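Inside the fold
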Amino acid sequence: GEDAQYNLGNMYRKGEGVPESDKTAVKWFTLAAEQGDAKAQGNLGLMYEYGNGVLTDNRRAYMWYNLGSYNGSKKAGENKDIIAKDMTPADISKAQDMSSVCLESNYTDC
């Protein structure tokens, strides 16, 4: 389930018992995030914000933070507010649209 995927993502991110790999961590966080796991969504936001295993993408980071916040992660909401300070209103608006499309598609179009 998504808990196991989230935990695998964390293990790869930190190199605990497996080779450290941000790319592999992103893969597992994405699988969990697409099942609505708020912690995985928040972690995926971090990966996109800092370019760990993926290209840096503030809009995608905001989208995942926004979804994590929506699903109950207080930390994701805090991170969303922080990253928003470095974004233009147009980028924030686009990221909010991306969040809506992602949710409405049941995470198939994120």
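Going by the structure above, here's the rest.
An account of the accompanying structure is given in this report.

Basis of the calculations
- Residues numbered from 1 in each chain as written.
- Predicted model: local features only at pLDDT ≥ 70, side-chain atom pairs only at ≥ 80, totals over all residues.
- Heavy atoms only, no water.
- Helix = DSSP H or I, 4+ residues; strand = E, 2+ residues; numbered from the N terminus.
- Rg over C-alpha atoms; globule rule 2.2 N^0.38 Å.
- Buried < 20%, exposed > 50% of the residue type's maximum accessible area, 1.4 Å probe, protein only.
- Contact = heavy atoms within 4.5 Å.
- Areas by Shrake-Rupley, 256 points an atom, 1.4 Å probe, with all protein chains shown as cover.
- Lys, Arg positive; Asp, Glu negative; His and termini not counted.
- Charge placed at Lys NZ, Arg CZ, Asp CG, Glu CD.
- Core = buried A, V, L, I, M, F, W, Y, C linked by side-chain atoms within 4.5 Å.
- Polar contact = N/O pair within 3.5 Å; in protein donor to acceptor, adjacent residues only side chain to side chain.
- Salt bridge = Lys/Arg side-chain N within 4 Å of Asp/Glu carboxyl O.

**Structural notes on the overall build of the protein**
Each helix and strand in the protein was counted, giving six helices and zero strands. Of the regular secondary structure in the protein, the N- to C-terminal order runs α-α-α-α-α-α. Its C-alpha atoms give the protein a radius of gyration of 13 Å, within 12% of the compact-globule value 13 Å for 110 residues. Within the span of the protein, comprising 110 residues, buried residues form 44% of the whole. Taking contacts inside the protein between residues at least 6 apart in sequence as the whole, the part at least 24 apart equals 49%. For the protein, the exposed area adds up to about 5,900 Å²; of that, 47% sits on carbon and sulfur atoms. Here the protein contributes 12 positive and 16 negative side-chain charges, whose respective centroids are spaced 3 Å apart.

**Points about the nonpolar core**
Grouped together as the largest cluster of nonpolar side chains are 28 residues, with contacts concentrated most on F29, L44 and W64. Those elements that provide at least two residues to this core are α1 (2–14), α2 (22–33), α3 (38–50), α4 (58–70), α5 (74–84) and α6 (89–104). Non-local contacts of F29, meaning those with residues more than four positions away in its chain, are made with Y6, G9, N10, R13, A40, N43, L44 and M47.

**Structural notes on the side chain of S21**
Following the sequence through the fold, S21 ends up in the loop between α1 and α2. Of note is the side chain of S21, whose polar atom sits 2.9 Å from the side chain of T24. The contacts of S21, once residues within four sequence positions are left out, are Y12 and R13.

**Thoughts on the pattern of salt bridges**
Under the criterion given, the structure shown has three salt bridges. Its salt-bridge partner being R60, residue D57 comes within 3.8 Å of it at the nearest N-O pair. Between D91 and R59 there is a salt bridge, with its nearest N and O atoms 3.6 Å apart. On the criterion of sequence distance, the pair formed by D91 in helix α6 and R59 in helix α4 is long-range, its members being 32 residues apart.

**Considering unusual backbone geometry**
Phi at N106 is positive, roughly 60 degrees, even though this residue is not glycine. Position of N106 relative to the elements: it lies in the segment after α6. Even without being glycine, Y107 reaches a positive phi, approximately 70 degrees. Mapping Y107 onto the fold places it in the segment after α6.

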